[in-house]
Amino acid sequence: ETGVTQSPTHLIKTRGQQVTLRCSSQSGHNTVSWYQQALGQGPQFIFQYYREEENGRGNFPPRFSGLQFPNYSSELNVNALELDDSALYLCASSARDNEQFFGPGTRLTVL
Amino acid sequence: AQKVTQAQTEISVVEKEDVTLDCVYETRDTTYYLFWYKQPPSGELVFLIRRNSFDEQNEISGRYSWNFQKSTSSFNFTITASQVVDSAVYFCALITNAGGTSYGKLTFGQGTILTVHP
């Protein structure tokens, strides 16, 4: 059974640029959630996708957007990057039992 | 609104000591799940345990044990005979609005940094 994978591992961008982060869910999981973890903080919920539809959103501006594909993989897009967007971005997949399995994360640095 | 508080920012112990990580949660929902995750330096969150709000039975799994008390809204985690490999950041988390097509979002505490010295 393949676990949750994320790409890229690390990314460096400059202010104002756009970025796309990718996540492949664990086999059999149809729900993907994205979290932002700033240094020294707990992860913060960005949004969740269930069967290709957004199924809940945290307190993040519209420049954070996402997609889920028919194979349940997902993308997180961030436009107009700001310095405060520098963080570890975690993707988690889950099935009906609410147990969320996390990927290794993408560390984004905005200069 | 949900809230999870981990009052201990950092804990430092010597190998073989027992250590307890505290977690207090707030929610108005009667149905919820509580979790503990471990985050080693690599960054990946590793699932340790899940408890639902109707199951207050405490559990021991190897060197790990959990104490869930609804009366005090606490879900504490104990590592017995700690080892250097236990060094990590530990997060307590809460999900409400679970079930059906809405699996809910995890609300995390701030984390407790555990350092186990040889």
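Structure: see above.
The structure contained in this document is the topic of the report that follows. (Residues numbered from 1 in each chain as written. Chains lettered and ligands numbered in written order. Predicted model: local features only at pLDDT ≥ 70, side-chain atom pairs only at ≥ 80, totals over all residues. Heavy atoms only, no water.)

1. Let's talk about the interface of chain A and chain B
Now for step 1: Each side of the interface is counted separately: chain A has 23 residues, and chain B has 24 residues.
Now for step 2: Buried surface at the junction of chain A and chain B, summed over both partners, amounts to about 2,000 Å²; 49% is from carbon and sulfur atoms.
Now for step 3: Run the count over chain A and chain B and you get 0 salt bridges.
Now for step 4: At the boundary of chain A with chain B, the tally comes to 4 residue pairs in polar contact (both at pLDDT 80 or more).
Now for step 5: Mapped by element, the contributors of at least two residues to the side of chain A that touches chain B are strand S4 (31–37), strand S5 (44–50) and strand S9 (87–94) of chain A.
Now for step 6: Split into classes, the residues belonging to the side of chain A that touches chain B amount to 9 nonpolar, 11 polar and 3 charged. (Contact = heavy atoms within 4.5 Å. Buried area = accessible area lost by both parts, 1.4 Å probe. Salt bridge = Lys/Arg side-chain N within 4 Å of Asp/Glu carboxyl O. Polar contact = N/O pair within 3.5 Å; in protein donor to acceptor, adjacent residues only side chain to side chain. Helix = DSSP H or I, 4+ residues; strand = E, 2+ residues; numbered from the N terminus. Nonpolar A, V, L, I, M, F, W, Y, C, P; charged D, E, K, R; others polar.)

2. A short note on the packing of aromatic side chains
For any two aromatic rings, the description comes down to two numbers: the centre-to-centre distance and the angle of the planes.
Now for step 1: In the structure shown here, the tally under the stated rule is 21 aromatic pairs over all chains.
Now for step 2: A ring pair is formed by Phe60 of chain A and Phe64 of chain A, whose centres lie 5.1 Å apart and whose planes are at 65°; its orientation type is edge-to-face. For the pair Phe60 of chain A and Phe64 of chain A, one class covers both residues: buried.
Now for step 3: Every member of this aromatic cluster is reached through a ring pair, and the members are Tyr35, Phe45, Phe101 and Phe102 of chain A together with Phe35, Tyr37, Phe47, Phe91 and Phe108 of chain B. (Phe/Tyr/Trp six-rings, centres within 6.5 Å; stacked < 30°, edge-to-face > 60°. Buried < 20%, exposed > 50% of the residue type's maximum accessible area, 1.4 Å probe, protein only.)

3. Section: the pairing of strand S5 (residues 32–39) of chain B
Residues and elements named next belong to chain B.
Now for step 1: With 8 of 8 residues buried, S5 lies mostly within the body of the structure.
Now for step 2: The alternating pattern of S5 places Tyr32, Leu34, Trp36 and Lys38 on one face and Tyr33, Phe35, Tyr37 and Gln39 on the opposite face, and all of these are buried.
Now for step 3: Summarising the sheet, S5 and strand S10 (residues 88–96) pair through 8 bridges and their orientation is antiparallel. Residue Tyr33 lies in a different strand from S10, and its bridge partner there is Ile95.
Now for step 4: When S5 meets strand S6 (residues 46–52), the two strands line up antiparallel, connected through 6 bridges. (Pairing = 2+ DSSP bridges.)

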